[in-house]
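Each chain is listed here by its residues.
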Amino acid sequence: MTVEAAMTGPESAIGRRETKSETILAERVAALVETLELPDMPVAGQPLPAGFHWLFFNPFVRRSGLGVDGHPKTGGFLPDTGLPRRMWAGGRISYHAPLAVGAVAEKESEILNVVEKNGRAGRLVFVTVRHRISSGGTLCIEEEQDIVYREPPAAGTPKPVPAAAPEGAIWTKEVKPDPVLLFRYSALTYNGHRIHYDRPYATQEEGYPGLVVHGPLVATLLQDFAHRCRPEGSLARFEFRGMAPLFVDDSFTLEAAEGETPDSLSLWARGPNGELAMKAEAVFGA
């Protein structure tokens, strides 16, 4: 792994780059297939399912290198914004070529932008990171991730009211997230964020009503759902944005309808009270 550039402030992280190399291990792919109870089990040489690249290239640091929330401390590749809360808000993925299970792959990451804003919840910092994953000299996956840093909400601050999920779904699938699902996804993706497995921390420190379902987990389920809705197509682009959190043991629904173009689908996750938890768009190629 290589890291370039030094940082003196959050904005100076723009242009910082990092490169990692990793083997796309069939055993870890199989573990996620079993965790999500998917019907297809790819083997070595077959394409990695959409969203499964999030299993790989994740930092695993010493416990002394973790913050109180269980995330690796900022100030390495990601900038130190001085804000304690971090959330992956959404992203845009382009699938250029199949990434084979068992292949050696390289991920090149670059911080594209750092923007500071003041909102109703206080100071916010938005960081956009671009990742390019290649194998054998071929670009397979290109992705931009939107990461938001924020202050803890002040005591007594009213929680935002989530928007209602769209109507008119053609395809639906119910998902019931239990603690084991969240634990296994955290373990497979090296995600130590305590909101996903430490209920006292999630409720007492961060103010959630229960354990929080991972945003990338929901996005992975939506990508698989898109594939089930259009089994004849190949996913070319996927864009998603988290809108409201989902919680353990509360069933939610994956829903989809025809998109604005013949090669697209509109997708969303509907929370247990009808709220829009995540919205997404999938575009298919030939």
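Residues numbered from 1 in each chain as written. Predicted model: local features only at pLDDT ≥ 70, side-chain atom pairs only at ≥ 80, totals over all residues. Heavy atoms only, no water.

**Description of the overall build of the protein chain**
At step 1: When helices and strands are counted, the protein chain shows four helices and eleven strands.
At step 2: Taken over C-alpha atoms, the radius of gyration comes to 19 Å for the protein chain, in line with the 19 Å a tight globule of 286 residues would show.
At step 3: Overall, the C-alpha framework of the protein chain stretches about 50 × 45 × 35 Å when taken along its three principal axes.
At step 4: Counting all 286 residues of the protein chain, 45% fall into the buried class.
At step 5: In the protein chain, the proportion of contacts linking residues at least 24 apart, taken out of those at least 6 apart, comes to 70%.
At step 6: As displayed, the protein chain has an accessible area near 14,400 Å², and 53% of this comes from carbon and sulfur atoms.
At step 7: For the protein chain, the separation between the mean place of its 29 positive charges and that of its 36 negative charges on side chains is 5 Å. (Helix = DSSP H or I, 4+ residues; strand = E, 2+ residues; numbered from the N terminus. Rg over C-alpha atoms; globule rule 2.2 N^0.38 Å. Buried < 20%, exposed > 50% of the residue type's maximum accessible area, 1.4 Å probe, protein only. Contact = heavy atoms within 4.5 Å. Areas by Shrake-Rupley, 256 points an atom, 1.4 Å probe, with all protein chains shown as cover. Lys, Arg positive; Asp, Glu negative; His and termini not counted. Charge placed at Lys NZ, Arg CZ, Asp CG, Glu CD.)

**Digging into unusual backbone geometry**
When glycine is set aside, most residues are seen to have a negative phi, and most peptide bonds are trans.
At step 1: Unusually for a residue other than glycine, Phe57 sits at a positive phi of about 70°.
At step 2: Topologically, Phe57 is positioned in the loop between helix H1 (26-36) and strand S3 (85-95).
At step 3: The exposure class of Phe57 is buried, given its relative accessible area of 2%.
At step 4: Unusually for a residue other than glycine, Asp249 sits at a positive phi of about 70°.
At step 5: Mapped onto the fold, Asp249 is located in the loop between strand S8 (234-242) and strand S9 (252-258).
At step 6: For Asp249, a relative accessible area of 42% translates into the label partly exposed.

**Describing the nonpolar core**
At step 1: One finds Phe52, Phe238 and Leu267 to be the most contacted residues of the largest nonpolar core, which totals 57 residues.
At step 2: One finds Leu78, Val127, Val129 and Tyr149 within the second-largest nonpolar core, a separate group that totals eleven residues. (Core = buried A, V, L, I, M, F, W, Y, C linked by side-chain atoms within 4.5 Å.)

**Focus on the layout of surface pockets**
At step 1: Taken as a whole, the second largest pocket holds about 620 Å³ of empty space.
At step 2: Lining the second largest pocket are 25 residues, and of these Pro47, Leu48, Pro49, Ala50 and His227 lie nearest its centre.
At step 3: Mapped onto the lining of the second largest pocket, the elements with two or more residues apiece are helix H4 (215-229) and S8.
At step 4: At four residues, the largest contribution of residues to the lining of the second largest pocket is made by H4.
At step 5: Classifying every residue of the lining of the second largest pocket gives 16 nonpolar, six polar and three charged. (1 Å grid on protein atoms, 1.4 Å probe; cavity = no way out; pocket = protein on both sides within 12 Å on 5 of 7 lines; lining within 4 Å. Points joined across faces, edges and corners; volume = space filled by probe spheres on them. Nonpolar A, V, L, I, M, F, W, Y, C, P; charged D, E, K, R; others polar.)

**Some remarks on the environment of Met41**
At step 1: On the secondary structure map, Met41 appears in the loop between H1 and S3.
At step 2: Considered as a pair, Met41 and Ala26 are 15 residues apart in the sequence and their alpha carbons are 9.6 Å apart.
At step 3: Residues within four places of Met41 in sequence aside, it is in contact with Ala30, Val33, Glu34 and Gln46.

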